Amino acid sequence: KGLAISPGFIDVHTHDDFAVVLHPDMAFKTLGGVTTVVVGNCGFGPAPWKPASRFAATIDPRPLPQWEGYRGYMQTLGENPPALNVATLIGHGTARHAVMGLEAREPTGAEMAAMKEIVTEGLEAGCVGMSSGLIYDPGRHARTDELVELANLMRGTGALYATHMRDEGMGLLSSVAEAIEIGERAGVPVQISHHKASGERAWGLVTQSLKLIEDAQAKGQNVHADQYPYTAGSTSLGAVFRDGAFGGPGRETDPKNIVIASARGRSEWEGRSIAQLATAMGCSATEAATQVLQEAPGTTIIIHMMREEDVRTVMRHKSTMIGSDGIPTLDGKPHPRLYGTFARVIGHYARD
């Protein structure tokens, strides 16, 4: 009595690309009712192998079987099926890295052709879209036209463009506008990743970003978003501490709000903020972050950066789907979204 049965949950935004191979039971998802994961988000795809395997090693150092392209990745999953269904996005950043490395420039004609081959191979293999990560290397060096040209390959296929936008802080509105523009010019659906307003100065902007989505939908454009149900995010330390600064202009982050989630070989750092580490080390926060990255370059963090009111505003909106965005570093103190996203939506939000 008083219970309900539900279809399995679709975790529409994950980084489980390699976890489905290394942890085929996927207990951290299936125990929460997830039966489908969408992988390849934020520009990080499971192919081509060389750049993909480098990214995989930052999450889990254990060896992976090698595969060739997206077709090889899907064949690997077919031969060793995980405990849930997997839908795959092509990673723009991984494709760019394979062709151009970390070059901060526009691609040449030959380089663009090579990236198109990767995207085409992924689509032919059965990928459901292409993702971008426009705050990460090398995706942040891509201009709008580059993304439009690649996304145009998906026109008419039903595949979508998913994006971790350039700026989720004070530049949120221009970033949403760029995502909508890419979809409109390429003629493809748009999925805005982990829709939020990051940083106190940006709080409240989600009301206007939702209006941009509504306006695009009113014109007949297919634009949606996903969200995790927490006021803290999680990513790599290297993504928020760059060139000696935390966050960057318009999205500055206080070191006391950056907490170490996993640091390989330095478990004593886990669960402590950069500010706390700086005090313990007797140095500045900048020096502490630099040392952490030198000793454990794959360090992941939890960032307290959103407000509850904005989370609720986004969740109420008809454009919003749920995605955990969990980083499957099963050691350390990972963000609870890896395990608890859907239980939290039902238990904390739906009940309210």
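Values in this document were obtained by computation on a predicted structure and should not be read as measured data.

Trainee: Is there a simple way to think about the packing of helix H3 (residues 49-59) against helix H5 (residues 92-100) in this case?
Mentor: For any two helices packed against each other, the geometry is given by the interaxial angle and the distance between the axes. Put simply, H3 and H5 touch, their axes get as near as 8 Å, and they point 120° apart. On the basis of their axis angle, the class for H3 and H5 is oblique. Seen along the crossing, H3 lies across H5 with a hand that is right-handed. Of H5, the residues touching H3 (which contributes Pro51, Ala52 and Arg54) are Thr94, His97 and Ala98.

Trainee: What is the right way to read the nonpolar core from this model?
Mentor: Generally speaking, nonpolar side chains in soluble globular proteins are found buried as a group. Ranked by internal contacts, the top residues of the largest apolar core, which has 25 residues, are Tyr70, Ile90, Met130, Ala151, Met154 and Tyr161. Of all the secondary-structure elements, those providing two or more residues to this core are H5, helix H6 (109-125), helix H7 (144-151) and helix H8 (172-186). No other element matches H6, which puts six residues into this core.

Trainee: What am I meant to see in the environment of arginine 242 here?
Mentor: Structurally, the position occupied by arginine 242 is in strand S9 (residues 241-242). Remark: the alpha-carbon pair of arginine 242 and arginine 201, spanning 41 residues in sequence, is separated by 20 Å. Apart from the residues lying within four places of it in its own chain, the contact partners of arginine 242 are Ile135, Tyr136, Asp137 and Arg140. A distance of 3.1 Å separates a polar atom in the side chain of arginine 242 from the backbone oxygen of isoleucine 135.

Trainee: Help me out: how do you make sense of the sheet that holds strand S8 (residues 232-236) in this one?
Mentor: Taken in spatial order, the three strands of this open sheet run S8-S12-S11, and their pairing is antiparallel. Here the strands that pair on one side only, and so sit at the sheet edges, are S8 and strand S11 (258-262). In this sheet, neighbouring strand axes are inclined to one another by 30° on average, regardless of whether the strands run parallel or antiparallel. Note that S11 and strand S12 (residues 300-304) share four bridges and pair antiparallel. Bridge pairing in S12 places serine 262 opposite threonine 300.

Trainee: Quick question: what am I supposed to make of the side chain of histidine 13 here?
Mentor: Mapped onto the elements, histidine 13 comes out in the loop between strand S1 (9-11) and helix H1 (19-22). Overall, histidine 13 belongs to the buried group, its relative accessible area being 0%. Not counting residues within four places of it along the chain, the set of residues in contact with histidine 13 comprises Val38, Asn41, Cys42, Ser193, His194, Asp226, Gly323, Ser324 and Asp325.

Trainee: I would appreciate a short explanation of unusual backbone geometry in the present structure.
Mentor: The general pattern is negative phi for most residues beyond glycine and trans for most peptide bonds. For the bond from alanine 47 to proline 48, the omega torsion is -5°, close enough to zero to count as cis. Position of proline 48 relative to the elements: it lies in the loop between strand S2 (34-39) and H3. The omega torsion of the bond from aspartate 137 to proline 138 falls at 0°, within 30 degrees of zero and hence cis. Positionally, proline 138 belongs in the loop between strand S4 (129-133) and H7. Within the chain, histidine 194 stands out as a residue other than glycine whose phi angle is a positive 30°. One non-glycine residue, aspartate 325, lies in the positive phi region at around 60°.

Trainee: Please clarify how the pattern of salt bridges should be interpreted in this entry.
Mentor: For side chains of opposite charge, pairing can occur when their charged atoms come near one another. By the definition in use, this model includes 20 salt bridges. Here arginine 62 ties to aspartate 60 by a salt bridge, and the two come within 3.1 Å at their closest N and O atoms. With relative accessibility at 13%, the residue aspartate 60 sits in the buried group. Where glutamate 309 meets arginine 307, a salt bridge forms, and the shortest distance between an N and an O atom there is 3.8 Å. Residue classification places arginine 307 among the partly exposed residues on the basis of a relative accessible area of 25%. Connected via shared salt-bridge partners are Asp11, Asp16 and Lys29.

How each quantity is defined
Residues numbered from 1 in each chain as written. Predicted model: local features only at pLDDT ≥ 70, side-chain atom pairs only at ≥ 80, totals over all residues. Heavy atoms only, no water. Axes fitted to C-alpha atoms, helices over the stretch in contact; angles between N-to-C directions. Helix = DSSP H or I, 4+ residues; strand = E, 2+ residues; numbered from the N terminus. Parallel < 35°, antiparallel > 145°, perpendicular 65-115°, else oblique. Left-handed = near helix turned anticlockwise from the far one by under 90°. Contact = heavy atoms within 4.5 Å. Core = buried A, V, L, I, M, F, W, Y, C linked by side-chain atoms within 4.5 Å. Buried < 20%, exposed > 50% of the residue type's maximum accessible area, 1.4 Å probe, protein only. Polar contact = N/O pair within 3.5 Å; in protein donor to acceptor, adjacent residues only side chain to side chain. Pairing = 2+ DSSP bridges. Salt bridge = Lys/Arg side-chain N within 4 Å of Asp/Glu carboxyl O.

So far we have only geometry, and geometry alone does not tell us how the molecule works.
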